[in-house]
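Descriptive structure summary
The lines below spell out each chain.
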Amino acid sequence: MPIKYPADISLPGEDAVGPSSPVQQSLEVLRVIISDTPLPEAPSREAYPILALHTLYLIEGAGQLNSMGYHSAAVSLFRSIEDALDCFAAVTLVPGAVESWLRGELRASDAAKLWVATEAESFEHAHDTGASLSDYRKRLRSQFNKYAHCSIRQTGWNLYLEYDSEERRSFRLQFNLGPVVIDKNAHSIDAHLTASLYELIELVEKAFSEHLAQNEQMCARLHALKSDILAILERHVEGECLDVSRAPEIRALCGVQTRSSTRLDGAERPNPRMVRPVVFTRNRVARRMGGKGKDIN
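Remember, it's a predicted structure, so these values are computed and weren't measured experimentally.

Some remarks on the overall build of the chain
When helices and strands are counted, the chain shows 11 helices and six strands. Residues classed as buried in the chain amount to 50% of the 297 residues present. Of the contacts formed within the chain by residues at least 6 apart in sequence, a portion of 73% connects residues at least 24 apart. For the chain, the exposed area adds up to about 14700 Å²; of that, 52% sits on carbon and sulfur atoms.

Overview of unusual backbone geometry
A cis amide bond links Gly178 to the next residue, Pro179, at an omega of -10°. Within the secondary structure, Pro179 is located in the loop between strand S3 (171–175) and strand S4 (181–182).

Considerations on the pairing of strand S2 (residues 159–163)
Burial runs high along S2: five of the five residues are buried. Note: S2 against S3, five bridges, orientation antiparallel. For Tyr163, the partnering residue across the bridge sits in S3 and is Phe171.

As for the pattern of salt bridges
A full pass over the atoms with the stated rule returns eight salt bridges. For Arg31, the salt bridge goes to Glu60, with nearest N and O atoms at 2.7 Å. With Arg31 in helix H1 (residues 22–36) and Glu60 in helix H2 (residues 47–67), this residue pair connects regions lying 29 residues apart in the sequence. A residue is classified by how much of its surface remains accessible, and Arg31, at 26% relative accessible area, is partly exposed. For Glu60, a relative accessible area of 18% corresponds to the buried category. Residue Asp110 pairs with Arg107 through a salt bridge whose shortest N-O separation is 3.1 Å. Counted as one network, the salt bridges with shared partners bring together Glu28, Arg31 and Glu60.

Description of the environment of Gln24
Within the fold, Gln24 resides in helix H1. The spacing of Gln24 and Glu60 is 36 residues in sequence and 9.3 Å in space, taken between C-alpha atoms.

What to know about helix H11 (residues 216–238)
Over its 23 residues, H11 extends 33 Å from the first C-alpha to the last, a length consistent with the 33 Å expected when each residue adds 1.5 Å. Buried residues of H11: Met218, Leu222, Leu225, Lys226, Ile229, Leu230, Ile232, Leu233 and His236, and no others. Where H11 is buried, its residues contact H1, helix H9 (183–207) and helix H10 (209–213). In the stretch just after H11, Glu240 is the one whose phi turns positive, near 55°.

Details of the confidence of the model for the chain
Across the chain, the average pLDDT comes to 76, with 69% of residues at 70 or higher. Scored below 50 in pLDDT, residues 124–129 makes 12 contacts in the model with residues more than four places away or belonging to other chains. Per-residue pLDDT stays below 50 along residues 255–297; that stretch engages in 137 contacts with residues further than four places along the chain or on separate chains.

Description of the side chain of Lys226
Tracing the backbone through its elements, the reader meets Lys226 in helix H11. With sequence-adjacent residues up to four places away left out, Lys226 is seen in contact with Tyr198, Ile201, Glu202 and Glu205.

So, the packing of aromatic side chains
According to the stated counting rule, one finds two aromatic pairs in the structure shown. Between Phe78 and Tyr147, the ring centres sit 5.9 Å apart and the planes meet at 70°, which makes this aromatic pair edge-to-face. Highlighted residues: Phe78 in helix H4 (residues 78–93) and Tyr147 in helix H7 (residues 133–148), separated in sequence by 69 residues. A centroid spacing of 6.4 Å and a plane angle of 75° characterise the contact between Tyr147 and Trp157, whose relative ring orientation is edge-to-face.

Examining the packing of H1 against H11
Where H1 meets H11, the closest approach of the two axes is 10 Å, and the angle between their N-to-C directions is 145°. Note on packing geometry: the crossing formed by H1 with H11 is left-handed. Two secondary-structure elements touch here, H1 through Pro22, Val23, Gln25, Ser26, Val29, Leu30, Val32 and Ile33 and H11 through Met218, Arg221, Leu222, Leu225, Asp228, Ile229 and Ile232. Looking at the contact of H1 with H11, its residues break down into 11 nonpolar, two polar and two charged.

Focus on the environment of Ile232
Counting through the fold element by element, Ile232 comes out in helix H11. Taking relative accessible area as the criterion, Ile232 reaches 13% and is therefore assigned buried. Separated by 37 residues in the primary sequence, Ile232 and Ala195 place their C-alpha atoms 9.3 Å from one another. Once you skip the residues sitting within four places of it in the chain, Ile232 turns out to touch Pro22, Val23 and Thr194.

Quick notes on the rules
Residues numbered from 1 in each chain as written. Predicted model: local features only at pLDDT ≥ 70, side-chain atom pairs only at ≥ 80, totals over all residues. Heavy atoms only, no water. Helix = DSSP H or I, 4+ residues; strand = E, 2+ residues; numbered from the N terminus. Buried < 20%, exposed > 50% of the residue type's maximum accessible area, 1.4 Å probe, protein only. Contact = heavy atoms within 4.5 Å. Areas by Shrake-Rupley, 256 points an atom, 1.4 Å probe, with all protein chains shown as cover. Pairing = 2+ DSSP bridges. Salt bridge = Lys/Arg side-chain N within 4 Å of Asp/Glu carboxyl O. Expected span 1.5 Å × (residues − 1). pLDDT = per-residue confidence, 0-100. Phe/Tyr/Trp six-rings, centres within 6.5 Å; stacked < 30°, edge-to-face > 60°. Axes fitted to C-alpha atoms, helices over the stretch in contact; angles between N-to-C directions. Left-handed = near helix turned anticlockwise from the far one by under 90°. Nonpolar A, V, L, I, M, F, W, Y, C, P; charged D, E, K, R; others polar.

Shown next, in the form of structure tokens:
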């Protein structure tokens, strides 16, 4: 009997965004900025292009894995992306951090503490958290601890529901062996990566400010793209796509027990809301909000 794929499963590349997408354009602009920036005279500032490129590749690599349906592999990079952003933030914002990083003495967790301490006064609380910046970052990093190691929650991104009828009254779990793209999971991962890209752009603007000041056209283009990406993020928030604490495709089954009496994706029920990493400009905080993973284009 042929497999009955539900309506929210698609083939790799079927729903791919084109080069006109603000996300794709931003990736290319960042690549140009990194490649065109002259090597700094101060050796300590060599960390800027190295870290920027590494973070860019992590985001881009996770997006490529996601577009091919390798969803668990994509989410396994979430903690690495957060580590890279924390190191880049510390090196960019905290005096002396770059020297420590170049000596191999700055761990990502310490980098997070350093830039949090530096930016604490400029942090504006998200209205539904009431948390300090320090607590907020600790919670965020702890969420991705579940993706830093092989866990049942991580592997749950490779499961989808196959329904027996159009009414979807009964279903069975299927392994994504195709692989195919599980649309709810793919949209949620894309939303998270878009948020990470926005933060990378903010850091690049700070780290490469001297170069951008001499290239007004590039600076204006990057600023315009950042506005477009922020608009995309706002639609993701409205569509409740930004919760990546567990796979959206099976989120409704969090409390269901399998035959082995193990939860489908393991661990405790998460807080239904998850704060997105702080955007580095003053007086602006965006949030990662949990939800149903609607289709947001």
